[in-house]
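Chain residues, written in single-letter form:
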Amino acid sequence: MQRVLRKRVIRSLKKHFVRYSMLGLMIAMAIFLVVTIVGSAETLTKGTKDLAVDTSVEDGEFEVFVPLSANEEEHIKDMDITLNEQFYYDYQLEDGEDVTLRLFKVRDDINKLHYVSGEEPGDIHDVAIEKRYAAEHDVKVGDSIKIAGVNYKVTGIVVTSDYDAPLKSIADTSCNSKYFGLAFLTDKAYEEFKNSDKAQKAETYLYTYKFNKEVDNEGLKDYLNDIKVDADQIDDELFQEYWDRTGGVEDELLDAVSELRDATNDVNDALAELSDNNDDINDGTTKIFDSYLEQTSDALNKSGYNVTLNEDNYGKELDNIINKSDSSIMVLSLKNAKKKLNGLKEYKDGIKEYTDGVKELSDGADEMSDGVNDLDKAVNDTLDEFDFGLSNLTSFLIQSDNPRIFATKNDKLVDIEVGVFAGIILFILLAYVISVFVVHSIETESSIIGTLYSMGVTKNDLLLHYITLPVVVSFVAGLVGLLIASTGVMAPMIAESSYQYFSIPEFDFYVPAYLIVYSVVVPPVVAVIVNVLVINNKLNRTPLSLIRNEVKQAKNKNINLKNMNFISAFRIRQMLKEIRSTLAVVFGMFLSLLIFMIGVNCFILCNNIAKDYADDTKFGYMYTLKYPEEEPPKDAEPAFAYSCKKATMGYNFDVTILGINDDNPYFNVDTKKSKVDVVVSSAFAEKFKLKKGQEVVVSDEDKEVKYAFKIRDITKYSSGFYIFMDIDEMRDMMGKSDDYYNVLFTDEEINIDPGRLYSTTSRADIVKGSEVFTSLMMPMIYTLSFASIIIFILVLYLMMKVMIDRSSQNISLIKVFGYKRKEVKKLYLDGNMYIIALGAVVVIPLAKLIMNELFPFMVSNVACGLNIKAPLLFFICVYVVILGLYFLVNAFLVRRLDKYSLAEILKNRE
Amino acid sequence: MYVEVSNVKKSYGEGGSHVQVLKGVTAGVERGEMCVIQGTSGSGKSTLLNCIGGLDDVDSGSIKIGGEEIVGLKKDELYDYRRDTIGFIFQFYNLIPNLTVRENIEVCRYLTDSPLDMDELLNVLGLKEHENKFPSQLSGGQQQRTAIARALIKNPKLLLCDEPTGALDSNTSRDILILLEKINRKYQTTMLIVTHNNSIKDMVHRVIYLKDGEVMKTYVNDVIVPARELEDL
């Protein structure tokens, strides 16, 4: 039976060719859209990944004050690490344009060069130039380029994976190849430059490394941190000046503790000596006292008094004898003896008190000595713990934290997320459209189905029959969409902005296997699922119900429209009759708008970022300092920046704790004298969904320390994730001196020795960075917007066509009554405007609202706020465009009204 | 009796809209008989036909076809019953518009392991010359003949016809009735024909007359008038 019914499938396709072509076109477009957007992103992702493998991209890099010794290099190699010197000079060209060329030697191990054109420098004065710089300066192979007075011949245009994004500094917000590029010299030329005294800045000792087996960044970092360097070895005056002010504090502290310990030891020794004589003194005085007691006892015994005097009884015994004696001489002698003994006893007790005091002092001195020893140990422990020793390591950057590496790949994550998400919405829309078609088909053929049922044809037979066409159309359309997209016809447009920003070679368009499966499997599977669900439900009706084509009466059809004119009442009745198709139109509009809103939100985000960055950045320049001067320059606002991390949605973002003075003119922040209560930037709050009063925790992963704050306020600042606090409180919290700062904000450019700087960020850089963001996203925004408009037109056309097709009998009937085309249009088509007009009022804000909730997940890897608020004018424009598209579709459908012949009503029954 | 209907009751709706359509119908038809179910509009004749065909269920009573009870059969069993036993012909032909005559018939041919010979059937029904035409290219009578052929191709034991001539003119109606007569003779197909048309009762073996959901009378024709001789069709 299926064989026979299959013939019908082909005829149905012919009969409803427009319908199925529209459906096919929609599916093909959806697939084309998804494959193009996601495929382009995957092409760049895979391309940069493959390139990274081919060129042996580093696992990380680090800079040191002085080059590693042979032993140190050997030790690192013993850790099963391949280490490469990639020293460089930043050379500012003498063309007055502030153009910096970073001069490297040609690499042959890690971060090897990929030649986009030309070949490796061979002769001493050959040079390879980085692609983006070459493009911006129109440098080609064979051209000559002057560096430090020497003419170099350009033999190759190159890219290298460690400069995927050719950022001058890793702190830079965007690349600007007009002002920065890379040049790769031969070893001899590099040495020649080095020895020429033409270098304007010290050489940077950069090492790159790759783990041969097990990745152990921490182990390597610990080892490098432990390599101490004598400050005197460092040939950088600015460093020396800075070190004298800051790093020397350790020695002063140690010296002071040492002096204290020495003095305490002296005191202790003296007191110990004194204490050692205590017993002799005590013994002497006791002997004198005892000897006098003995002499007195002997004298009394000789006088006939049998008493033995001791320290305790001499007073009492002498008083008894004095009282009993008649001899005044005796009494006088005894009184003198008693007085003498009392004096000796007082002397003896005084000596005892003195020696006890000396003893206590000596004990105290011991304790003091112990205390000083404790202090000494604590100071040493602290110094050990905080490692105030000057480490040779100045920076350590693992691959995943390096914004230059895999920048293209990371940038394209948004495209992949958005593309896949748009695909999902498209397939829901697709499923919905198919289901409307199927329902329409089954309702149209209800009596036939019922008849076949009554003959014993099973539901499965019919199911198989009815799903065949949509499944085949879905499959073929998906395949066509995939094949067209696979030619990469639109990929260059999508990828163009990336090629013009990142330093990457042009890759052949590549469609990953999952996209192929996605394209050829998902559409038919969606069609099968929808059809099975819908048909199953429809075919659950009894054969009789199908034969009679019984339709459930809507409850709301009996509304009272007495006071309405005929045309309006008719349109409302028609709308109620076709309520399901009416809702289908609105739902189709909603889904199309969801896709549109993805593009819109990208656009609004970019636009708002550009606008907010410009509005919120009040400073002209921000200087991040390596070696700050003791006093900040006049007209510069000092601040203290400390970089931490915070993760959300699987990505770890930099968050800067910025200590500022209360009167800092560049940030609208009222800081409080608190280490806990802080103000956060609006971008930070938006990205991490933070609210006032909430606690926020950021972590310093290097030191494994977490900082918890309470959000007192949120200030409008879009350019970065910031936690603002009082600079004094922050200095105290971070253990810095009262005048410490490491950032300067100014209105105008100031003269700071470049050697003191990590980076300079101008307001213009920030604004340009935001514009770069926009230009990178624009192709996708255009594609999504264009596709959603086309899809909306198709959905609107198909749904409205279904609506009037369902009314074909009635249209024929009123034609029989004598209605003219214009009047028929008024009754059956123009009424749809109410649906569109009313539906749009609801679904435009609804689609925006829903997409606002989903959008953060799509841009989860992007380090920016999420200001996706759209102005009212935007909504009005979208509304007007929707009405415009409706009128366009309406104009197409008018012709269809002519196709319903008068015979229709005569031929068929209803 | 091949078809045995015993005390079948059937109602629709609830509460105020409750209608008792069949009020305990009892009737029977012998194997190979042509039987007309007659009655006024709303008498329950189509409902009775649908219940016999397993298209509608009954509230109570029994329907036996060839001794097999069909009341209470499960959905799948009803499919099998309809597939193996029943052929349906409706007033509106319900042909698949984008299949040719032959293909429309073939749809049901695959429902049985022992279908009738297609070409013979096309010849018997006078459709041979139209076999490659689509329904829209056929007259009403030709379409109904196609519907009959579709019902017959699987060689049903019981052919249920609901107003088979209701949408046809007099001459075409006669042709269709002649055809049914011919089929009955040729294939010994038991036929139940629901009709308004009073003349048809004379060409069949048995007549069941329904009124208000009850069998008013049932009788067997002593004299059967050939369809070609029927008047006032």
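In this text the structure is predicted, and so the values were computed from the model without any measurement.

To continue, consider the overall build of chain A. Looking only at helices and strands, chain A features 27 helices and 20 strands. Relative to its full complement of 910 residues, chain A shows a buried share of 38%. Within chain A, counting contacts between residues at least 6 apart in sequence, those at least 24 apart form 85% of the total.

With that settled, the discussion passes to the sheet that holds strand β9 (residues 206-211) of chain B. All names here are of chain B. Strand order in the open sheet formed by six strands is β6-β7-β8-β3-β9-β10, and the pairing between neighbours is mixed. Every other strand in the sheet has two partners, leaving β6 (86-89) and β10 (214-220) as the edge strands with one partner each. Each neighbouring strand pair of the sheet contributes to a mean axis angle of 15°, computed without reference to strand direction. Here five bridges tie strand β7 (residues 158-162) to strand β8 (residues 190-195), and the two strands are oriented parallel to one another. Across the sheet, residue Leu-158 finds its bridge partner in β8, namely Thr-190.

In this section: the interface of chain B and chain A. Listed as interface residues are 22 residues of chain B and, on the opposing side, 22 residues of chain A. At the level of secondary structure, the elements contributing two or more residues to the side of chain B that touches chain A comprise α2 (75-85), β6 and α3 (101-109) of chain B. If you tally residues by element for the side of chain B that touches chain A, the top one is α3(B), at four residues. Residue classes in the side of chain B that touches chain A are distributed as twelve nonpolar, five polar and five charged.

This part takes up the nonpolar core. Residue and element names in this part refer to chain A. Counting 276 residues, the largest nonpolar core has Leu-430 and Ile-723 as its most contacted members. It is helix α22 (residues 763-806) that provides the largest number of residues to this core, a total of 22 residues. Val-64, Tyr-207, Tyr-209 and Leu-220 belong to the second largest nonpolar core, which has eight residues in total.

Residues and elements named next belong to chain A. For the pair helix α18 (residues 566-577) and helix α24 (residues 821-828), the least separation of the axes is 8 Å and the interaxial angle reads 55°. Taken together, α18 and α24 sit at an angle that is classed as oblique. Together, Ile-567, Phe-570, Arg-571 and Gln-574 of α18 and Lys-826, Leu-827 and Tyr-828 of α24 make up the contact between the two elements. Along the lines of polarity and charge, the residues of the contact of α18 with α24 split into four nonpolar, one polar and two charged.

Take the environment of Tyr88(A) next. All names here are of chain A. Tracing the backbone through its elements, the reader meets Tyr-88 in the loop between β2 (81-85) and β3 (89-92). Expressed as a C-alpha distance, the spacing of Tyr-88 and Phe-184, which sit 96 residues apart in the sequence, is 9.6 Å. Those residues in contact with Tyr-88 that sit more than four places away from it in its chain are Arg-102, Leu-103, Phe-104, Thr-204 and Leu-206.

So, on to the sheet that holds strand β11 (residues 393-398) of chain A. Residue and element names in this part refer to chain A. Read across the sheet, four strands follow the order β2-β10-β1-β11 without closing on themselves; strand pairing throughout is antiparallel. Looking at strand neighbours, the two that pair on one side only are β2 and β11, the edges of this open sheet. Within this sheet the neighbouring strands show an average axis-to-axis angle of 20°, counted without direction. Examined bridge by bridge, strand β1 (residues 60-64) and β11 share five bridges and lie antiparallel to one another. Paired with Phe-62 across the strands is Phe-396, a residue of β11. Along the sheet, helix α6 (residues 217-226) makes contact with β1, β2, β10 (205-211) and β11, crossing β11 at roughly 175°.

All names here are of chain A. Interhelical geometry of helix α19 (residues 579-616) versus helix α25 (residues 832-858) gives an angle of 40° and a closest axis separation of 8 Å. Here α19 is positioned oblique relative to α25, judged by the angle of their axes. Considering how the two elements wind past one another, α19 and α25 form a crossing that is right-handed. Contact residues: Thr-582, Val-585, Val-586, Met-589, Phe-590, Leu-593, Leu-594, Met-597, Ile-598 and Asn-601 in α19; Ile-835, Gly-839, Ala-840, Val-843, Ile-844, Leu-846, Ala-847, Lys-848, Ile-850, Met-851 and Phe-855 in α25. Looking at side-chain class alone, the contact of α19 with α25 contains 17 nonpolar, three polar and one charged residues.

So, how was this worked out
Once a new chain begins, its residue numbering starts again from 1 and follows that chain's sequence as written. Here chains are named by letter from A upward and ligands by number from 1 upward, in the order in which they appear as written. In keeping with the predicted nature of the model, local features appear solely for residues at pLDDT of at least 70, side-chain atom pairs appear and are counted solely at 80 or more, and the whole-chain, interface and lining totals rest on all residues. For helices the rule is a DSSP run of H or I covering at least 4 residues; for strands it is a run of E covering at least 2, with both sets numbered from the N terminus onward. Remark: C-beta atoms are placed from the backbone, and a residue is labelled buried if 20 or more other C-beta atoms sit within 10 Å of its own, exposed if 12 or fewer do, or partly exposed between those counts. A pair of residues counts as a contact when their C-beta atoms, built from backbone coordinates, are within 7 Å of each other. Any two strands are treated as partners once DSSP identifies two or more bridges connecting them. Axis geometry follows a simple rule: fit a line to the C-alpha atoms, using only the stretch in contact for helices, then measure angles between N-to-C directions, giving values from 0 to 180 degrees. The nonpolar class holds Ala, Val, Leu, Ile, Met, Phe, Trp, Tyr, Cys and Pro. Asp, Glu, Lys and Arg form the charged class, and all remaining residues, Gly among them, are polar. Any nonpolar core is a set of buried residues, restricted to Ala, Val, Leu, Ile, Met, Phe, Trp, Tyr and Cys, that join up through C-beta atoms within 7 Å. In these notes the angle categories are as follows: under 35 degrees is roughly parallel, over 145 is roughly antiparallel, 65 to 115 is roughly perpendicular, and the rest is oblique. It is the rotation of the near helix from the far one that decides the hand of a crossing: anticlockwise by less than a right angle makes it left-handed, clockwise makes it right-handed.

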